[in-house]
Amino acid sequence: MAPHAYDAVIVGAGPNGLAAAITLASAGRSTLVVEAGATPGGGCRSAELTLPGFVHDPCAAIHPLGAASPYFRTLPLARHGLAWIEPPTPLVHLLDDGQAVRLERSIAATAAQFGADAQAYHDLLGPLVERFDALLPMILGPLRWPADPLLLARFGAYGLRSMEGLAWRFAREAPRALLAGIAAHAMVPLDRLATAAFALVLTAAAHAVGWPLARGGSQAIVDALVAHLRELGGALELDHEVVHISELPPARAYLFDVSPRRLATIAADRLPPAYLRRLGGFRHGPGVFKLDWALRAPIPWRDPACARAGTVHLSGSLAAVADSVVRVHRGEVAAEPFVLLAQQSLFDASRAPPGMHTAWAYCHVPHGSDRDVSRLIEAHIERFAPGFGDLVVARASRSAVEIARYNPNYVGGDINGGLADLRQLFFRPLVRLDPYTTPAPDIFLCSSSTPPGGGVHGMCGHACARSVLARVLA
């Protein structure tokens, strides 16, 4: 065997591992991706979880940052079969009284619901949406000198606030609750600094590109990435769980799309003890409890606006959403937990047999919880869609423990790759000038535990690969 069988070996075929491999292969570097699973994808897969013919997304389902990803948009993924489907309304947030607050593609249509708050909403989101293509690359990456300091400063003036602090720009509950539900994707208490950033980025994305789903299932994103990697000459090896770095073929660089905890195990004898101790201090956030349903008909929402939305947030005021998040951090689950629901088959007929449907939902639970909260979630849906339970033909559930077993990167069921509080939002997994590097010059980390964090966007892997090209494969 040659001294270096490959220029780079990537461990993990999630979106970040594949993005890293494509970046390196595009630069003419020989690349191998090694994946423990029988299929690539990590948290971006599709499977028949309930019954034959029902296609579910085990983890990620709705992809605003996938469609907006500055890196994915440079790739010919459509040529490899990826098609985005945009529901007419990206999101509906339901208030306790059943009012459906709509996040529409149009800022004007969204703001029109808010009466005296309409101008405040437009003033907050309008400038970010107008410059979204310039803003997003500055946000989805490591800290560096911004291409447009004034634009980033405008975003930071609001984004670095807590969600509760940002909410007081509005007099009415509807815009507060809508943004609070979007900020809750961070799974960080809404009184913490920088939680407003999640609301602003995902809301601006809804206006700029929508909250789309992938035709045929989220696996289509990964299939397109794999096809492009192979077109570039990259290789993929499945069913190979890497226990130790010595199992890998000789390479000039090793990139790991794994959790910091897993990296510390695989490369323990290649990394200094002080660095390993620091990795051990990386903090993970709450887990999630996930449900998928096979349905005999669409969800019978009381408010027909919900049937136009790919995503539905259930439910309540800013205070109710904030309370649900705080309870999880205290080790509890609210009697009516904040629920995030997607209904892909309404807009993609390939997800279910004719006349049948699928639905997908999760709520936040304490880190590492094995609690089954199916009844709480289904009761919450039934409140806004009477008769929902009668439509369920089959269901599949996963606790936080089972989600971590399904994807080891989701430590304790944490789908964000680490707690996204102010410190770990910018410095993950550790405070380093180049967050993708380690003390070993040939070992790099490219998972969602590096900037910019969770989401199917490939930016962690792409940025890591650029670091590898500059430091090792120049």
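Bear in mind the structure is a predicted one, so any value in this text is a computation, not a measurement.

Draft legend 1. Examining the nonpolar core more closely. If you look at the biggest cluster of nonpolar residues, it comprises 107 residues, and the most contacted ones within it are L24, M163 and L255. Of the residues forming this core, the biggest block, 9 residues, is contributed by helix α9 (residues 195-208). Other than its neighbours up to four places away in sequence, L24 contacts A8, I10, R29, T31, L255, A465, V468, L469 and L473. Formed by 30 residues, the second largest nonpolar core is a distinct cluster that contains W301, C306, V312 and L341.

Draft legend 2. Seen up close, the environment of A385. Among the structural elements, A385 can be located in the loop between α14 (374-384) and β13 (392-398). Considering only alpha carbons, one finds A385 and P300, 85 residues apart in sequence, at a separation of 5.1 Å. Each residue touching A385, except ones within four places of it in the same chain, is listed here: I299, P300, W301 and R302.

Draft legend 3. Structural context of the sheet that holds β13. Strands sit in the order β5-β4-β10-β11-β12-β9-β13 across an open sheet of 7 strands; the sheet is mixed. In the strand order of this sheet, the two ends are held by β5 (100-103) and β13, each with one partner. Along the sheet, successive strands turn relative to each other by an average axial angle of 20°, direction set aside. On the sheet, α14 packs against β4 (89-94), β9 (287-295), β10 (309-314), β11 (339-342), β12 (357-365) and β13 and is oriented at approximately 60° with respect to β9.

Draft legend 4. Broad picture of the packing of aromatic side chains. A full pass over the atoms with the stated rule returns 3 aromatic pairs. On the basis of an interplanar angle of 65° and a centroid distance of 5.3 Å, the ring pair of F114 and Y121 is categorised as edge-to-face. Just as F114 is buried, Y121 falls in that class too. Ring geometry for W360 against Y362: centres 5.4 Å apart, planes inclined by 85°, an arrangement best described as edge-to-face. Judged by relative accessible area, Y362 falls into the buried class, the value being 8%. One Lys or Arg, R398, reaches over the ring of Y406 and ends 4.2 Å from the middle of that ring.

Draft legend 5. Broad picture of the environment of A206. Tracing the backbone through its elements, the reader meets A206 in helix α9. Residue classification places A206 among the buried residues on the basis of a relative accessible area of 0%. A sequence separation of 77 residues divides A206 from R283, and the C-alpha atoms of the two residues are 29 Å apart. Contact partners of A206, with chain neighbours within four places excluded, come to P90, L103, R105 and W211.

Draft legend 6. Examining the state of the cysteines more closely. All chains considered together, the criterion is met by 0 disulfides. We note that C59 lacks a disulfide partner, and the nearest cysteine sulfur, in C44, lies 9.1 Å from it. Take C306: it sits in no disulfide, and the sulfur closest to it among the cysteines is that of C363, at 18 Å.

Draft legend 7. Structural detail: a nonpolar patch on the surface. Taken together, the side chains of L143, L160, L193, L422, F426, F427 and V431 present a nonpolar region at the surface, about 610 Å² in accessible area. Tracing the backbone shows F426 in helix α16 (residues 422-426). On the basis of relative accessibility, which here comes to 30%, the residue F426 falls in the partly exposed class.

Draft legend 8. Representation of the side chain of D57 in the model. Along the polypeptide, D57 turns up in the loop between β2 (31-34) and α2 (64-68). Residue class for D57 comes out buried when judged on its relative accessible area of 0%. Polar contacts involving the side chain of D57 include one to the side chain of R351, which spans 3.2 Å.

Draft legend 9. Structural context of the pattern of salt bridges. Overall, the coordinates contain 19 salt bridges when judged by the stated rule. Note that D442 and R270 form a salt bridge whose closest N and O atoms lie 2.6 Å from each other. In this pair, D442 is assigned in the loop between α16 and β14 (443-445) and R270 in the loop between α11 (260-266) and α12 (273-280), connecting sequence segments 172 residues apart. Here E336 ties to R383 by a salt bridge, and the two come within 2.7 Å at their closest N and O atoms. One end of the pair, E336, is in the loop between α13 (318-329) and β11; the other, R383, is in helix α14, and 47 residues separate them in sequence. Relative accessible area serves as the criterion here: at 28%, R383 is assigned to the partly exposed category. Linked through salt bridges whose partners overlap, the residues forming this network are D57, D348 and R351.

Draft legend 10. The arrangement of helix α10 (residues 219-231) in detail. Along its 13 residues, α10 runs 18 Å from first to last C-alpha, staying within 8% of the 18 Å computed at 1.5 Å per residue. When α10 is considered as a whole, its buried residues turn out to be Q219, A220, I221, V222, A224, L225, V226, H228 and L229. Summarising the contacts, the buried residues of α10 are in contact with α1 (15-26), β2, β3 (84-85), β6 (213-214) and β7 (235-237). Of the residues one or two after α10, G233 is the one with positive phi, at around 100°.

Draft legend 11. Broad picture of the side chain of T358. With respect to the secondary-structure elements, T358 resides in strand β12. On the accessibility criterion, T358 (3% relative accessible area) is buried. The residues contacting T358, other than those within four sequence positions of it, are F54, V55, H56, W293, L295, Q343, Q344, S345, R351 and A352.

What counts, and where the lines are drawn
- Residues numbered from 1 in each chain as written.
- Predicted model: local features only at pLDDT ≥ 70, side-chain atom pairs only at ≥ 80, totals over all residues.
- Heavy atoms only, no water.
- Core = buried A, V, L, I, M, F, W, Y, C linked by side-chain atoms within 4.5 Å.
- Buried < 20%, exposed > 50% of the residue type's maximum accessible area, 1.4 Å probe, protein only.
- Helix = DSSP H or I, 4+ residues; strand = E, 2+ residues; numbered from the N terminus.
- Contact = heavy atoms within 4.5 Å.
- Pairing = 2+ DSSP bridges.
- Axes fitted to C-alpha atoms, helices over the stretch in contact; angles between N-to-C directions.
- Phe/Tyr/Trp six-rings, centres within 6.5 Å; stacked < 30°, edge-to-face > 60°.
- Lys NZ or Arg CZ within 6 Å of the ring centre and 35° of its normal.
- Disulfide = S-S within 2.5 Å.
- Patch = residues over 30% accessible without salt bridge, like charges linked within 9 Å, V, L, I, M, F, W, Y side chains within 5 Å.
- Areas by Shrake-Rupley, 256 points an atom, 1.4 Å probe, with all protein chains shown as cover.
- Salt bridge = Lys/Arg side-chain N within 4 Å of Asp/Glu carboxyl O.
- Polar contact = N/O pair within 3.5 Å; in protein donor to acceptor, adjacent residues only side chain to side chain.
- Expected span 1.5 Å × (residues − 1).

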